[in-house]
Amino acid sequence: MILSILKGIGILLLVLLGIIIFILFVLLFVPICYRVDGKYDQTLNGKVSVTWLPLILKAQVTFYDNRPEYVVRLFGGVILTNTDRKISWLGRKLFSNEDKEIPDDNPSDQIIDQKEQSSENNKETSTMQPPEVREKEKTSETDTEISKRIADTQQKKTVISHPKKKKTFYQKIKQKWTTFKTKLHDLILKIKKLKHKKDALTKVLHSKQFKRAKTDMMRYIKEILRIIKPDRMEGYIHFGMEDPATTGEITGVLATLPFAYNEKFLIYPDFEKKCLDAEGKGKGKIFLISILILLLKIVFNKNIIKVTKKVQTILQA
């Protein structure tokens, strides 16, 4: 009996382990596919779609005369959109911003109404009372007013009897001078701290570790571009800046991109006038396993860790 129970528990654990491995395999090795198709000539028109297992996640953004419209689907139902499409139950649960029902009557207004009603009731009861009782109430009210006036005059006398001593001209100047000295001292200390931080940062920036970390980061940026680069890209871009030198610099930067200057995607720099128009379409895929490996490389890089720690200690000092 015990052996059969243990056997059943072992089978359940193996099934759960298999399900977890399958989910991890799907998450890491099934690619996120994207497709881009657009045109820009003073206005942006186009479409961008991203799918990851079409039955699970699908997102689409369309541009028409610079106006974006987006639809995000999860398990077939719309969860986010700025169109007239109906949002699913899951989307309402995850991203609903509906305000709670506010009661019509404000509690402060209710309190004011209660006070007004109580005052009206008191007036009615006072009119119903006999004249002798009214005269007694009036005399009691006058007595209380007289006692309040006496108390106020006594407080004024006590205040007048102990006037505050006015500061002399010399004391005022002395106080202002001390405050100015403290502020100047604090400012000098802040300037010294900033100078010390600047010197420490310049040492870190000119160190060999920073140069190694910089080369590693440039290599990681190239790997990121390689991961997200489209498998197929075709179109053109025609651009020009006011200064021809900046146009040449931008052309040099674009030349380093993996998809630039191929047979189907062309770059036309214009050194005579300022302009920008482009057209293109492409598609590609991104594997999460490659992004995860790259993140682990960045996190466990010794040079980057040491440089970041040094910069943090300098800034927190």
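The structure this text deals with has already been given above.
The structure displayed is predicted, hence computed values, not measured ones. (Residues numbered from 1 in each chain as written. Predicted model: local features only at pLDDT ≥ 70, side-chain atom pairs only at ≥ 80, totals over all residues. Heavy atoms only, no water.)

Caption draft 1: Focus on the nonpolar core. By size, the foremost hydrophobic cluster in this structure holds 11 residues: Y34, A200, V204, A213, Y220, I227, I286, L294, I304, V307 and I314. If you list the elements that add at least two residues to this core, you get α5 (169-205), α6 (208-228) and α9 (302-316). Sequence-distant contacts of I304, defined by excluding residues within four places in its chain, comprise A213, M217, Y220 and I298. (Core = buried A, V, L, I, M, F, W, Y, C linked by side-chain atoms within 4.5 Å. Buried < 20%, exposed > 50% of the residue type's maximum accessible area, 1.4 Å probe, protein only. Helix = DSSP H or I, 4+ residues; strand = E, 2+ residues; numbered from the N terminus. Contact = heavy atoms within 4.5 Å.)

Caption draft 2: Main features of unusual backbone geometry. The backbone phi angle of Q42 is positive, close to 70°, even though this residue is not glycine. Checked against the element boundaries, Q42 lands in the loop between β1 (32-40) and β2 (44-52). Since its relative accessible area comes to 68%, Q42 is described here as exposed. Backbone geometry places N66, a non-glycine residue, at a positive phi of 65°.

Caption draft 3: Up close: the packing of aromatic side chains. The final tally for this structure, using the stated rule, is 3 aromatic pairs. Taking 5.9 Å as the distance between ring centres and 35° as the angle between the ring planes, the aromatic pair formed by W177 and F180 counts as tilted. Of the two residues, W177 and F180 both sit in helix α5, 3 residues apart, roughly one turn of that helix. When the ring centre of Y220 is taken as origin, the NZ or CZ atom of R219, which lies over that ring, is 5.1 Å away. (Phe/Tyr/Trp six-rings, centres within 6.5 Å; stacked < 30°, edge-to-face > 60°. Lys NZ or Arg CZ within 6 Å of the ring centre and 35° of its normal.)

Caption draft 4: Region of the structure containing the packing of helix α1 (residues 2-29) against helix α8 (residues 288-299). Relative to each other, α1 and α8 sit at 85°, their axes nearing to 6 Å. Accordingly, the angle class assigned to the pair α1 and α8 is roughly perpendicular. Of the residues in α8, those touching α1 at L27, L28 and F29 are L288, I289 and L292. Here the contact of α1 with α8 is composed, by residue class, of 6 nonpolar, no polar and no charged. (Axes fitted to C-alpha atoms, helices over the stretch in contact; angles between N-to-C directions. Parallel < 35°, antiparallel > 145°, perpendicular 65-115°, else oblique. Nonpolar A, V, L, I, M, F, W, Y, C, P; charged D, E, K, R; others polar.)

Caption draft 5: Up close: the pattern of salt bridges. Scanning all chains against the criterion turns up 6 salt bridges. Of the charged contacts in the structure, one is a salt bridge between R219 and D216, with a shortest N-O distance of 3.0 Å. One end of the pair is R219 and the other is D216, both in helix α6 and 3 residues apart, which spans about a single turn. Here R219 falls in the partly exposed class, since its relative accessible area comes to 41%. Residues E234 and R232 are paired through a salt bridge, measuring 3.8 Å at the closest nitrogen-oxygen approach. Looking at R232, the relative accessible area reads 43%, which means it is partly exposed. Linked through salt bridges whose partners overlap, the residues forming this network are R232, E234 and K281. (Salt bridge = Lys/Arg side-chain N within 4 Å of Asp/Glu carboxyl O.)

Caption draft 6: How the structure looks around the side chain of D277. Here D277 lies in strand β8 (residues 275-286). It turns out D277 is buried and unbridged, and the closest side chain with the opposite charge, K273, is 7.7 Å from it. With sequence-adjacent residues up to four places away left out, D277 is seen in contact with Y40, D41, Y236, I237 and H238. (Lys, Arg positive; Asp, Glu negative; His and termini not counted.)

Caption draft 7: Representation of the sheet that holds strand β4 (residues 67-74) within the structure. The mixed open sheet is built from 8 strands, whose spatial order is β5-β4-β3-β2-β1-β8-β6-β7. Every interior strand has two partners, whereas the edge strands, β5 (77-81) and β7 (265-269), have only one. Put simply, the sheet's adjacent strands are angled 15° from each other on average, direction ignored. Two strands pair when backbone bridges link them, and β4 and β5 are joined in this way by 4 bridges, in the antiparallel orientation. Paired with V71 across the two strands is T81, which belongs to β5. (Pairing = 2+ DSSP bridges.)

Caption draft 8: Highlighting the pairing of strand β6 (residues 232-240). For β6 and β8, the ladder comprises 9 bridges, and the chain directions are antiparallel. Directly across from H238, in β8, lies its bridge partner D277. As defined by bridge partners, β6 adjoins β7 across 5 bridges and the pair is classed as parallel. By the bridge assignment, H238 is partnered in β7 with Y268.

Caption draft 9: Layout of the environment of D199. Within the secondary structure, D199 sits in helix α5. Residue class for D199 comes out partly exposed when judged on its relative accessible area of 39%. Expressed as a C-alpha distance, the spacing of D199 and I314, which sit 115 residues apart in the sequence, is 9.9 Å.

Caption draft 10: Quick look at α9. With 15 residues, α9 extends 21 Å between its outermost C-alpha atoms, agreeing within 8% with the 21 Å of an ideal straight helix rising 1.5 Å per residue. Within α9, the full set of buried residues consists of N303, I304, V307 and I314. The buried residues of α9 occupy one face: seen down the axis, they fall within an arc of 100°. Summarising the geometry of α9, the exposed residues directed more than 90 degrees from the buried face are K302, K309, T313 and Q316. Sitting at the head of α9, N301 places a side-chain oxygen 3.1 Å from the backbone nitrogen of N303. (Expected span 1.5 Å × (residues − 1). Arc of directions from axis to C-beta. Polar contact = N/O pair within 3.5 Å; in protein donor to acceptor, adjacent residues only side chain to side chain.)

Keep in mind these values describe shape, not function.
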